[in-house]
Amino acid sequence: MRPHRHIASVILMLAVGVAHAGSVTVYSALESDEIATYLDAAKKALPDIDIHVLRLSSGDLAARLLAESQRPRNDVIWGMAVTDMLDPRIAALLAPVHGTHIDSMPAAFRDRDARWFAPTGFLAALCVNREALADQGLPMPRSWNDLASPAYRGQIAMPDPSSSGTGYMLISSLSDAGRDPAGMALTLGIARNVGQVTLSGSAPCKLARIGEFPIGISFAFSAMQAIRQGYPVTMVIPEGVKGYELEASALMKQAARNEDARRFLDWTASPEAAALYRGYKEIVAAPGSVPSAEQQREGLPADLVATLPVRDFDMAARERAALIARYKRLTR
Amino acid sequence: MTSARAPALWLLVLPALGLALFFLHPLATVLWRSVTDAQGAFTAGNYLRLFDDPGLPRAALRSLAIGIATTACCVPLGLALAMALHRSRLPGKAFIRGALLLPMLAPSLVLGLGLVCLLGRNGLVHRLTGATTDIYGFWGLLIANTLYGLPQVVIIVSAALARTPARHYDAAASMGATPWRQFLDVTLPRLRFALLAAAFLVFTETLTDFGSAVVVGGNYRVLAMEIYSEVVGQLDFGMGATLGVVLLAPALLSVWLARIARRRQDSGDAMPGRMLLPAKHAWRDAALGALSLVALLPMVAVVATVAYVSVVKLWPYDRTLTLANYTSGMPDGYGPVATSLGMSFLAACAGSVLVFALAAGLRRAPRGVARPMQFLASLPAAVPGMVLGLGYVLAFDRGVLSGWFYGGIAIVAFCSLYHYHAQAFLAMQTGMRQVPDALDDAVAVCGGGTGHVLRDAVMPFVAPAAISTFFYLFMRSMVTLSGVIFLVTPDLGLASVTVMRLDENGFLAQAAAYAMCVVLAGALALGAMRLILHVLKERRHVA
């Protein structure tokens, strides 16, 4: 029976040592369907490595890494919100990682000390359900300022900044990490119009898809997925600040000498992988990678990567608790 | 006078060890975080912050309000359903039983998703009738929590109603008591413990469960959501643990249960005699039938809505029927369903044996043992699954046990068993109270030891409760999510996690389809086990 097999495999793993050669354990916050696509290619490119991936949402992943921090079980983190990864307690678990592909990534997408690199990222975007919007007789929102208008009271679904990386990215970008009073006022204006706060960043878009709320504040991947699946959804990238987050990968300290883990990570930074990311991601770091024709049709600007503002991720991670506490005080 | 009167304390050894190792130890590990800072030094800072955060007192009040409202809905409705099952001549009892299984067999996504698709702003009701529906907020939470809590109330109250001898009712009737008087004076007093236990469970569970709060809570934020955002959003385990301690407070109510559990006047009868067959009574049956319908209709409608969502092309815009959602777009495949079945079987087997031993051992235990054990056994109801799961990681990821357990299926089984320990234990204990005192004395007088007492006196009366405990644990383990999310590994996929993942990744129809498969697999497994049980029973009668 299965339980026996699992217990046996655990004992076996212990006998051989957790990170035995040829096997790499990966924790990832990427989506299951994209992981399946990438893994197929990775296994072809690295046939001698046995790759095990556990998929968790970004928040669950961070909590799990922290809970296991005394004795980490994974060799690699693959695609985790960089502001989560730069939490000092998690950053302390990482070892610098180098590789041909990693080291040739654009400087804006990797850490100076080589603790992390981010081949992909996601962009804040609105999922607007045209039918639901028409039912309410509301105009299409175009900018962040529009969302603060009283006309949208109760019509917006938004992720909770204290539980979702997307939610925090939003308030942090709009208020310039809390330093811009006008931005903070705008954030609060939007918060007043929210009809349902969600735990995750993709949930608002899912509510907009089925018409529960006309507007979901989410990210571009989710909006484009909705359009592909055929929902009456329009993606709006609001005028004003472009909110974005990078999905970082890193090597765990205790796997620092695991050459297979390093090779796998280097593959995730390769042009071959970048070509695959294009099928899912709005932000692909590889130089010269432009949104596909389909993505542009769905509303993604062709010059997106070039127009992203510089974001200080270290500071965003550092200021997180204080900004969320302030936001909570002001909104409740 | 004999061995039966002497407390069979040895029965308590294994359950107590299990509780200490798999419940108290992880719980203490995580709660330790509430009084220490990052460097491990002692601090009261987390508790001071409770008063600092303006959202928390309000969230606490709301949790309390929703807990009380849910209890007030669940207990009377649950009582009516249990009465309909055991004290009426209503036709279609199998249907009532089946409908009650639905919320227990369904992954947590189903309840929330079904409510949104049915009663949401753009839900089925709105689309069919044009009425404005909006469930986000207090009422949505109340409905979701009631649907979740109701089956547990029915299980516990049923354990007290099953196997009642007809004598009392015959006597009451011969003295001219009306059926209503009989209900008040004969039925209700026997149900005191069961009703209190059920109310305790529903109340504490509503406080700790965030599954439905997340989906239909709207801007009505409750404590359980605050815990989630502290732990998962802000990685503040200390603050999460502190809020967990706050939620433990209602568990103190279980001390009352211990006190009542020791009063024997509403125990089983000395002479069991003829089993009760409800008399013909049209009005009673009509009233119970109507109440059952009110309680069960939403349950069936919610699950049916999800089933419907799983077979349409693009909910709610293209409702062409299709089976494609069951066959494509599932990166994990159906392997996790098999793993979940195995794990649930393990949890149910271990759980029903441990809980039986615990309840049997406590029957005659002295007060000094009974009170703390009763409290400990009911405490898991007050612990949010996430806090327990976190405790498991912190407690078992190193140390001697880690090699045996970590990453294996056994630890997942134990986590779900102890997460639902209180419910299982209280149902078993309610059943145990139906055992006539005089009967164990009789067995003991005839020279039987504790083993004989259990087999010949206790077991025949407790069998229905024991069986429903087993099935309860099995069903909950199939769909448990909040605790085990911290315990899954790359090679150990679970069905409930797969459903959550599909939904998280934006595949609504596939998530609904997978959830339906889990319901179906659970139902088939239940059916098969019931069949085996039936065959075994028949054999024993023949032999």
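Residues numbered from 1 in each chain as written. Chains lettered and ligands numbered in written order. Predicted model: local features only at pLDDT ≥ 70, side-chain atom pairs only at ≥ 80, totals over all residues. Heavy atoms only, no water.

## Some thoughts on the overall build of chain B
Working step 1: What chain B contains, in helices and strands, is 25 helices and two strands.
Working step 2: Here the C-alpha atoms of chain B give a radius of gyration of 24 Å, agreeing with the 24 Å that 2.2 N^0.38 yields for 543 residues.
Working step 3: With respect to the three principal axes, the spread of C-alpha positions in chain B is 65 × 60 × 50 Å.
Working step 4: Across chain B, the fraction of contacts at a sequence separation of at least 24, relative to all contacts at a separation of at least 6, is 81%.
Working step 5: When the accessible surface of chain B is summed, it comes to about 20,600 Å², and 70% of that surface belongs to carbon and sulfur atoms.
Working step 6: A gap of 10 Å separates the mean positions of the 39 positive and 25 negative side-chain charges of chain B. (Helix = DSSP H or I, 4+ residues; strand = E, 2+ residues; numbered from the N terminus. Rg over C-alpha atoms; globule rule 2.2 N^0.38 Å. Contact = heavy atoms within 4.5 Å. Areas by Shrake-Rupley, 256 points an atom, 1.4 Å probe, with all protein chains shown as cover. Lys, Arg positive; Asp, Glu negative; His and termini not counted. Charge placed at Lys NZ, Arg CZ, Asp CG, Glu CD.)

## A few points about the interface of chain A and chain B
Working step 1: Facing 63 residues of chain A, the contacting portion of chain B comprises 63 residues.
Working step 2: Approximately 5,700 Å² of surface area, both sides summed, lies buried where chain A meets chain B, with 54% of it carried by carbon and sulfur atoms.
Working step 3: By the criterion of area lost to chain B, the three top residues of chain A are A:Leu199, A:Glu212 and A:Arg332, representing 12% of everything that side buries.
Working step 4: Between chain A and chain B we count four salt bridges in total. (Buried area = accessible area lost by both parts, 1.4 Å probe. Salt bridge = Lys/Arg side-chain N within 4 Å of Asp/Glu carboxyl O.)

## Examining the packing of helix H3 (residues 55–86) of chain B against helix H9 (residues 179–208) of chain B
All names here are of chain B.
Working step 1: For the pair H3 and H9, the least separation of the axes is 9 Å and the interaxial angle reads 140 degrees. As summarised for this structure, H3 and H9 are arranged oblique, according to the angle between their axes. Crossing angle aside, the handedness with which H3 passes H9 is right-handed. When H3 is examined against H9, the residues Ser-63, Leu-64, Ile-66, Gly-67, Ile-68, Thr-70, Thr-71, Cys-74, Val-75, Leu-79 and Met-83 are found in contact with a partner set consisting of Phe-183, Thr-187, Leu-188, Leu-191, Leu-195, Ala-199, Val-202, Phe-203, Thr-206 and Leu-207.
Working step 2: Taken together, the residues of the contact of H3 with H9 sort by class into 15 nonpolar, six polar and no charged. (Axes fitted to C-alpha atoms, helices over the stretch in contact; angles between N-to-C directions. Parallel < 35°, antiparallel > 145°, perpendicular 65-115°, else oblique. Left-handed = near helix turned anticlockwise from the far one by under 90°. Nonpolar A, V, L, I, M, F, W, Y, C, P; charged D, E, K, R; others polar.)

## Section: the state of the cysteines
Residue and element names in this part refer to chain A.
Working step 1: The final tally for this structure, using the stated rule, is one disulfide over all chains.
Working step 2: Across the disulfide, Cys-127 is cross-linked to Cys-205 (sulfur-sulfur distance 2.0 Å). Its torsion about the S-S bond being -85 degrees, the disulfide of Cys-127 and Cys-205 is classed as left-handed. Residue Cys-127 is located in strand S5 (residues 117–129), and its partner Cys-205 is located in helix H11 (residues 203–209); the two are separated by 78 residues in the primary sequence.
Working step 3: Using a relative accessible area of 0% as the deciding quantity, one classes Cys-127 as buried. (Disulfide = S-S within 2.5 Å. Buried < 20%, exposed > 50% of the residue type's maximum accessible area, 1.4 Å probe, protein only.)

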